[in-house]
Amino acid sequence: MENSTLFNFEKSQVAKVFITILHVVGLFGLYWEKSRSLFQLITPFHLLLVTGILLYFHCDFNKGFFGFLFFSFFLGMITEIIGVNTGMLFGDYSYSGVLGIKAFGVPLMIGLNWFLLVYLTGGIFQKMIKNDFIAAASGAALMVLLDLSLEKVAVALDFWQWHQASIPVSNFVTWFLVAFIIQVVYRKLSFEKDNKLNLVVFFNLLAFFTVLAMIL
């Protein structure tokens, strides 16, 4: 039993280091103009890889977990599809082809991103805050904090473009509201939510987009 626990500990440490290296390499790759187009192209694969590593350390693939996965993916996609095609909810924007295959103008990676960010931020607060609604609001607020840097980076790297003079406040309000709904579902569905990589992955993402927002 002790050897098994030690082995699992070592695997999680290796994963944390590997994920940090991935983000540092991605940071330099996207900053350097000669490699930027290549790193833009592999962005969806980076997202898939990080999500795959994270889920390797998830230990409860039950109905509750898959219910959360599908709900977060589809609600995220539906709201984005409405937003892209009507200019409502978030504002007037559109996605380029950089993030891969699209459904009704929205890359499927965006649905995965909604799942990933709620999983990470929800996991950070799941033991820290007992009240479901306060925890959901805290997780949603953390996602908005990330989006403040993400928006600038996404435009600079042509992930998506805004067709108006500035990013509207409605974008951040809708981000918070959609995130809050998904966070509540995350809290209410029963599955093991502890994951050793939650903090490391989220803070890598936050540092990654914050630094890029300052240097691009």
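Residues numbered from 1 in each chain as written. Predicted model: local features only at pLDDT ≥ 70, side-chain atom pairs only at ≥ 80, totals over all residues. Heavy atoms only, no water.

### Some words on the environment of Gly26
Turning to step 1, where the next piece is worked out: Within the secondary structure, Gly26 is located in helix α1 (residues 2-31).
Turning to step 2, where the next piece is worked out: Judged by relative accessible area, Gly26 falls into the buried class, the value being 9%.
Turning to step 3, where the next piece is worked out: Sequence-wise, Gly26 and Asn195 are 169 residues apart; in three dimensions their C-alpha atoms are separated by 24 Å. (Helix = DSSP H or I, 4+ residues; strand = E, 2+ residues; numbered from the N terminus. Buried < 20%, exposed > 50% of the residue type's maximum accessible area, 1.4 Å probe, protein only.)

### A closer look at unusual backbone geometry
Turning to step 1, where the next piece is worked out: Positive phi is not limited to glycine here, since Phe104 has a value of about 55 degrees.
Turning to step 2, where the next piece is worked out: By secondary structure assignment, the location of Phe104 is in the loop between β2 (102-103) and β3 (106-107).

### Comments concerning the side chain of Glu80
Turning to step 1, where the next piece is worked out: Of note, Glu80 is situated in helix α4 (residues 63-86).
Turning to step 2, where the next piece is worked out: For Glu80, which is buried and forms no salt bridge, the nearest opposite charge comes from Lys102, at a distance of 12 Å. (Lys, Arg positive; Asp, Glu negative; His and termini not counted. Salt bridge = Lys/Arg side-chain N within 4 Å of Asp/Glu carboxyl O.)

### A few points about empty space enclosed by the protein
Turning to step 1, where the next piece is worked out: Counted under the stated rule, the structure contains 1 cavity of 30 Å³ or more.
Turning to step 2, where the next piece is worked out: As a volume, the largest cavity reaches approximately 120 Å³.
Turning to step 3, where the next piece is worked out: Lining the largest cavity are 15 residues, with Glu80, Tyr95, Glu151, Trp160 and Trp175 positioned closest to its centre.
Turning to step 4, where the next piece is worked out: At the level of elements, β1 (93-95), α5 (108-125), α6 (132-156), β4 (160-162) and α7 (169-188) are the ones that each hand at least two residues to the lining of the largest cavity.
Turning to step 5, where the next piece is worked out: For the lining of the largest cavity, the element with the most residues is α5, which contributes 4 residues.
Turning to step 6, where the next piece is worked out: Across the lining of the largest cavity, the residue classes break down as 10 nonpolar, 2 polar and 3 charged. (1 Å grid on protein atoms, 1.4 Å probe; cavity = no way out; pocket = protein on both sides within 12 Å on 5 of 7 lines; lining within 4 Å. Points joined across faces, edges and corners; volume = space filled by probe spheres on them. Nonpolar A, V, L, I, M, F, W, Y, C, P; charged D, E, K, R; others polar.)

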